[in-house]
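Each chain, written out:
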Amino acid sequence: MRKTVWSMCGMCSVRCPIRVEVENGEIKWIEGNPHLLGGALCAKGSAGPALVADDERPRQPLIRKAGRGAGQWEEVSWYAALDYIADKMKKIKEKHGAEAMMMSCRGGPFPDMFKSFLHGFGSPNFTNHDSGCGRNVHHASKSVYGLGRKGFIYDIKNAKHLVLFGRNILAALRIAEANQVMDMLENGGKLTYVDVRQSMTGIKATRFFQVRPGTDYAFLLGTIHGLIKKEAYDKEFIERYVSDFDKLVEFIEPYTPDWAAKECGVKVKGIKDFINEVAEDRPKVIFHPGWMLSRYRDSFYASRALHILNVLMGNIEVEGGQLLPKTPGDCGVKGLRTLGSMVSEKPTQERADQVGTKYTHFDKGPGLFHLFYKAMETGKPYPVKGLICYRHDPFNCFPDPQAQKRALDNCDLLVSIDTHYSEFGWYSDVILPESTYLERDSAIVAQKGNKPRFIKRNKALEPRLDTKPMWEIVKMLADRLGFGDNFPYNSIEELWKWQLEPTGVSLEDFDEKGYAELTDTPIPIDQEKLEKNIKTPSGKIEIISKVLTDAGLPSLKEYESPLKPPKGQFRLVFGRTAVHAHGHTINNPLLHELMPDNSVWINKRAASKLGIAEGDLVDVIAHDGTTGVIKAHVTDFIHAEAIYVVHGFGRQVPLQTRAYHSGMSDQKLQGGLLQDMDPAGGGLCLCESIVTVLRSSKNPKRRVEL
Ligand SMILES: Nc1nc2c(c(=O)[nH]1)N[C@H]1C(S)=C(S)[C@@H](COP(=O)(O)OP(=O)(O)OC[C@H]3O[C@@H](n4cnc5c(=O)[nH]c(N)nc54)[C@H](O)[C@@H]3O)O[C@H]1N2
Ligand SMILES: Nc1nc2c(c(=O)[nH]1)N[C@H]1C(S)=C(S)[C@@H](COP(=O)(O)OP(=O)(O)OC[C@H]3O[C@@H](n4cnc5c(=O)[nH]c(N)nc54)[C@H](O)[C@@H]3O)O[C@H]1N2
Ligand code: SF4
Ligand SMILES: [Mo]
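Cut-offs applied
- Residues numbered from 1 in each chain as written.
- Chains lettered and ligands numbered in written order.
- Predicted model: local features only at pLDDT ≥ 70, side-chain atom pairs only at ≥ 80, totals over all residues.
- Heavy atoms only, no water.
- Domains from an automatic or database assignment.
- Buried area = accessible area lost by both parts, 1.4 Å probe.
- Salt bridge = Lys/Arg side-chain N within 4 Å of Asp/Glu carboxyl O.
- Polar contact = N/O pair within 3.5 Å; in protein donor to acceptor, adjacent residues only side chain to side chain.
- Helix = DSSP H or I, 4+ residues; strand = E, 2+ residues; numbered from the N terminus.
- Nonpolar A, V, L, I, M, F, W, Y, C, P; charged D, E, K, R; others polar.
- Near = heavy atom within 4 Å.
- 1 Å grid on protein atoms, 1.4 Å probe; cavity = no way out; pocket = protein on both sides within 12 Å on 5 of 7 lines; lining within 4 Å.
- Sits in = over half its atoms within 2 Å of the grid points.
- Contact = heavy atoms within 4.5 Å.
- Areas by Shrake-Rupley, 256 points an atom, 1.4 Å probe, with all protein chains shown as cover.
- Core = buried A, V, L, I, M, F, W, Y, C linked by side-chain atoms within 4.5 Å.
- Buried < 20%, exposed > 50% of the residue type's maximum accessible area, 1.4 Å probe, protein only.
- Pairing = 2+ DSSP bridges.
- Axes fitted to C-alpha atoms, helices over the stretch in contact; angles between N-to-C directions.
- Points joined across faces, edges and corners; volume = space filled by probe spheres on them.
- Parallel < 35°, antiparallel > 145°, perpendicular 65-115°, else oblique.
- Left-handed = near helix turned anticlockwise from the far one by under 90°.

Participant: Would you take a moment to explain the domain arrangement of the protein for this structure?
Facilitator: For interface size, the figure often reported is the accessible area lost on association. As far as domains go, the protein holds domain 1 (62-132 + 356-517), domain 2 (152-323 + 525-550) and domain 3 (569-695). Both sides of the domain 1 and domain 3 interface together cover about 2200 Å² of buried area, and 58% of this is carbon and sulfur. Contact with domain 3 buries surface across domain 1, with Asn396, Pro399 and Glu423 losing the most and accounting together for 29% of the total. Taken together, the connections running from domain 1 to domain 3 amount to 2 salt bridges. Its salt-bridge partner being Glu423, residue Lys668 comes within 3.8 Å of it at the nearest N-O pair. For the pair domain 1 and domain 3, the interface holds 11 residue pairs in polar contact (both at pLDDT 80 or more). Elements with a contribution of two residues or more to the side of domain 1 that touches domain 3: helix H14 (369-378), helix H15 (394-397), helix H16 (401-408) and helix H17 (423-427). No other element matches the 4 residues that H14 contributes to the side of domain 1 that touches domain 3. Of the residues assigned to the side of domain 1 that touches domain 3, the class counts are 12 nonpolar, 8 polar and 5 charged.

Participant: Please explain the site of ligand 3 as it appears in this structure.
Facilitator: With respect to spatial proximity, the complete set of residues near ligand 3 consists of Cys9, Met11, Cys12, Val14, Arg15, Cys16, Leu41, Cys42, Lys44, Gly45, Leu173 and Ile175. The cavity where ligand 3 resides is the largest cavity. Across the shell around ligand 3, the residue classes tally to 9 nonpolar, 1 polar and 2 charged.

Participant: Is there a simple way to think about the environment of Lys540 in this case?
Facilitator: Along the chain, Lys540 turns up in the loop between helix H20 (530-533) and strand E21 (541-542). Spatially, the C-alpha atoms of Lys540 and Gly39 are 41 Å apart, while their sequence positions differ by 501 residues. Discounting chain neighbours no more than four positions away, the residues touching Lys540 are Val144, Glu239, Arg240, Tyr241, Val242, Ser243 and Ile534. A distance of 2.8 Å separates the side chain of Lys540 from the backbone oxygen of Arg240, its partner in a polar contact.

Participant: Sorry if this is basic, but what is going on with the side chain of Arg207 here?
Facilitator: In this structure, Arg207 sits in strand E11 (residues 207-210). The contact partners of Arg207, leaving out residues within four places of it in the chain, are Leu191, Thr192, Tyr193, Gly270, Asp273, Phe274 and Glu277.

Participant: Mind showing me how you'd approach the site of ligand 1 here?
Facilitator: Inspection of the region around ligand 1 gives 28 residues, with Asn396, Cys397, Asp418, Glu434 and Asp666 positioned closest. In the model, a nitrogen atom of ligand 1 is placed 3.4 Å from a nitrogen or oxygen of the Thr419 main chain. Protein burial of ligand 1: of its 910 Å² of free accessible surface, 98% is covered by the chains. Every element with two or more residues in the shell around ligand 1 is listed here: H15 and strand E16 (413-418). Of the residues contributing to the shell around ligand 1, the split by class is 6 nonpolar, 13 polar and 9 charged. Each of domain 1 (62-132 + 356-517) and domain 3 (569-695) contributes no fewer than three residues to the shell around ligand 1.

Participant: I tried to follow the nonpolar core on my own but got confused; where do I start?
Facilitator: Where a protein is soluble and globular, its nonpolar side chains tend to be buried together. Of all hydrophobic cores here, the largest spans 164 residues; its most connected members are Phe219, Phe287, Leu312 and Ile541. By residue number, the principal contributor to this core is helix H13 (residues 299-313), which donates 10 residues. Residues contacting Leu312, with those up to four places away along its chain left out, are Ile224, Leu227, Ile228, Tyr233, Asp234, Ile238, Phe245 and Leu248. One finds Phe121, Phe126, Val333 and Leu432 within the second-largest nonpolar core, a separate group that totals 61 residues.

Participant: Just to check I follow, could you spell out the sheet that holds strand E3 (residues 26-32) for this structure?
Facilitator: Backbone hydrogen bonds hold the strands of a sheet together, and the pairing may be parallel or antiparallel. Spatial strand order, E1-E2-E3: 3 strands in an open sheet with antiparallel pairing. Pairing within the sheet leaves two strands with one partner each, and these edge strands are strand E1 (3-8) and E3. Neighbour-to-neighbour, the strand axes of the sheet open up by a mean angle of 30 degrees, direction not taken into account.

Participant: Help me understand the side chain of Thr635 in this model?
Facilitator: Locating Thr635 in the fold gives a position in strand E25 (residues 627-635). Looking at Thr635, the relative accessible area reads 7%, which means it is buried. Within the structure, Thr635 has its side chain in polar contact with the backbone nitrogen of Phe637 (distance 2.8 Å). Apart from the residues lying within four places of it in its own chain, the contact partners of Thr635 are Trp601, Ile602, Asn603 and Lys604.

Participant: When you look at empty space enclosed by the protein in this model, what are you seeing that I'm missing?
Facilitator: Gaps between atoms show up when a probe of the same size as a water molecule is rolled over them. Tallied over the full model, the rule gives 4 cavities of 30 Å³ or more. What lines the largest cavity is a set of 13 residues, among which Cys9, Cys12, Val14, Cys16 and Cys42 lie closest to the centre. When its residues are assigned to classes, the lining of the largest cavity shows 9 nonpolar, 1 polar and 3 charged. Empty space within the second largest cavity amounts to approximately 60 Å³. In terms of lining residues, the second largest cavity is bounded by 13 residues, among which Tyr217, Tyr301, Ala305, Ile308 and Leu556 are the most central. The set of elements that each furnish at least two residues to the lining of the second largest cavity consists of helix H8 (216-229), helix H10 (245-252) and H13.

Participant: Hey, could you run me through the packing of helix H6 (residues 135-145) against H13 in this one?
Facilitator: When two helices pack together, their arrangement is given by the angle between the helix axes and by the axis-to-axis distance. It is at 8 Å that the axes of H6 and H13 come closest, and there the two elements cross at 45 degrees. Classified by the angle their axes make, H6 and H13 are oblique. The crossing of H6 and H13 is right-handed. Mapping the contact onto sequence places Asn136, Val137, His139, Ala140, Ser141, Ser143, Val144 and Tyr145 in H6 and Ser299, Phe300, Ser303, Arg304, His307, Asn310 and Val311 in H13.

Participant: Teacher, can you tell me more about the pairing of strand E24 (residues 617-621) here?
Facilitator: On any regular strand, side chains alternate: one points to one face of the sheet, the next to the other face. Of the pairings in the sheet, the one linking E24 to E25 comprises 5 bridges and is antiparallel in character. Across the sheet, Leu617 pairs through a bridge with Lys631, a residue of E25. Between E24 and E25, which pair antiparallel and follow one another directly, the connecting turn spans 5 residues, one of which, Gly625, has a positive phi of 95 degrees. Pairing between E24 and strand E27 (residues 690-695): 4 bridges, direction antiparallel. Bridge assignment links Val618 to a residue of E27, and that residue is Arg695.

Participant: Would you mind showing me how to read the sheet that holds E11 here?
Facilitator: Across the sheet, 4 strands lie side by side as E11-E10-E9-E13; this open sheet has parallel pairing. Two strands lie at the open edges of the sheet, namely E11 and strand E13 (285-288), each paired on one side alone. Averaged over all adjacent pairs, the angle separating strand axes in this sheet is 10 degrees, with direction ignored. Both strand E10 (residues 190-195) and E11 contribute to a ladder of 4 bridges, which runs parallel. Considered in E11, the bridge of Thr192 is made with Arg207.

Participant: Sorry if this is basic, but what is going on with unusual backbone geometry here?
Facilitator: A negative phi angle is the norm for most residues apart from glycine, just as the trans form is the norm for most peptide bonds. Across the junction of Arg282 and Pro283, the peptide omega takes the value 10 degrees, indicating a cis bond. Mapped onto the elements of the fold, Pro283 is located in the loop between helix H12 (268-281) and E13. Even without glycine at this site, Glu231 takes up a positive phi of about 55 degrees. Checked against the element boundaries, Glu231 lands in the loop between H8 and helix H9 (235-241). With a phi close to 55 degrees, Glu317 is a non-glycine residue in the positive phi region. Tracing the sequence through the fold places Glu317 in the loop between H13 and strand E14 (322-323). Looking at Glu317, the relative accessible area reads 4%, which means it is buried.

Spelled out as structure tokens, the structure:
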């Protein structure tokens, strides 16, 4: 008989709620939870069963038996692998202190468990992937509102105008958000899209600007200038909630729309018309902070400008604007019990990335991963000797894997807890294979929003291979290290009940829809509540941030024009495709069939000067000589200064036969950028790699017609 299992997708980090139909231990159907997503699911989500069936993933725990990266593994039992790790961790603690261990996990809704594990062990060094993702946007948001990147949700559906800077919202998917964009467009809303190339989102846009790479800050300053000169901003809102607005007015003076148009290489009439539209549509205008304004030298300030534009719109706690996500507390329900509460003594040592001590303006929560590499190399502020990566592949995430390996060679223990062989896993000492999301349960999480809820992942199948879920792995490791009591459960049901204890919600409340709703009606929007939610030192939305000033950093930074690549050279930029999630779906049998490799987008005129035609193989050469070979996609729809690839390809794990060496890896062409951090935002300047492109000698010879 077919049964329904309510769960959460795990093919990317969005974790959409899903409904799975299972019969005789086989998955027959997966769809988005009809109550929340109307059944919608993306291509990756539909390829979940192929992940389960895939044999090119680790089948049981593995311990390295030759040099790192040699790919020689001993298959061992879970007991042997966990004993091995626990023993190494104890030795590291004895010799260097508990703080010599670090752990990284790919953020998301479950970090409580891993953080508690590391804190229970005695180390403060918990981190994540975000200096390669959205740290600048996060820190910019904190400097303006005291609230991080996730401090707002966007009421896109009801907006009159959505403005996106390199936020390819219809390909870099979150299903609920993409549905809202389509609804907004159907309701007559406008979509302005700014990118260096045309994209899935750009073709739906009512206005598209193809800007010179790295000039978004100029575009944003010009827009602020235009709006201020027109006095098209919410004066009452600013009077009440914002400090130092006069400093912005003074700062913005030279940055006219005419100047911005010239700097960005777009038509001045376009920018002026855009400013007029925004002025008319406010307050229901959303400048979406996205992620792409995270990867250039001035991205932190571009992100700040973007947040400031939302402030000018007065769009906070307004229908069609930015909403404060409501919590279980707003529904009169106590929050879930956290495993963090079981750690009696939180580690007090300085973090090895020095976030919170040397870097006081960064969020201490996850700190900054790449700075740990410095500690590994220099032993300062103290040595870091062990790294556990959960659901995170630093070699795919951070620039220059070779430089990363040099730092990691100072470590005594490298562990990858992954569903796949990650590039990092292939180099590590132990691989612990986690059960795939369809084969495991996960802890309950609270989802904020206008109707907060609790939701959990239920396994649809028993694990096919000798894999385990993380809640069990963590507990077994903690047992071996002497703090198993911090994980007070022996089964997932016990954990769920323990989490739910203070809330009054029961496990049965999840049965009907796959989640427990904490309120029947959406919590009303109420701008009056804003004051107590702004978390800056002054309690105001800060144009001049005290935290930045205290760190000796400007809050309003003068514009500096980005480097124009010399002749024959290009800025290497990257992005997502709707059918893959970073590097970890490239080897999925179904998704590989949909998109087996990537190609490099190059502007038609630039290509013709180099004698490159559509489909030609080209060499992409980084400044350190590293070369990638890839097929060219010649198009008018990319700026002549940039080339573009979809990220995640060029994988080097031989056991992943489909993905092995197919396409080109962008991060391997980012030599020298591993410590190229935006000093104000902490994000890595991933788009600052300038490469040379040549027609490759590997091309089959063109026949010359005489
Ligand atoms: N050059 C370049 N660098 C980039 C980017 C880029 O586009 N170009 N993108 C940046 C961005 S936005 C991000 S978010 C990061 C992404 O970087 P990462 O977060 O490291 O992303 P992935 O490469 O997908 O690696 C995630 C790992 O998690 C594993 N995994 C997937 N599902 C599960 C699971 O259920 N359980 C466990 N245990 N493991 C699982 C995958 O197999 C994979 O090895 O990279 C950043 N760095
Ligand atoms: N299908 C799918 N969806 C995903 C993911 C995935 O792997 N696959 N990953 C998730 C994650 S971790 C993230 S962070 C998000 C990322 O979400 P987005 O940031 O929306 O996605 P990207 O494709 O990385 O978008 C980068 C865009 O920025 C453009 N760009 C490059 N330089 C500039 C510039 O100077 N100015 C402007 N305006 N644009 C520029 C690129 O051409 C590209 O189109 O997507 C999430 N959703
Ligand atoms: S966006 Fe697609 S892959 Fe990501 S969680 Fe949702 S359904 Fe799964
Ligand atoms: Mo990301």
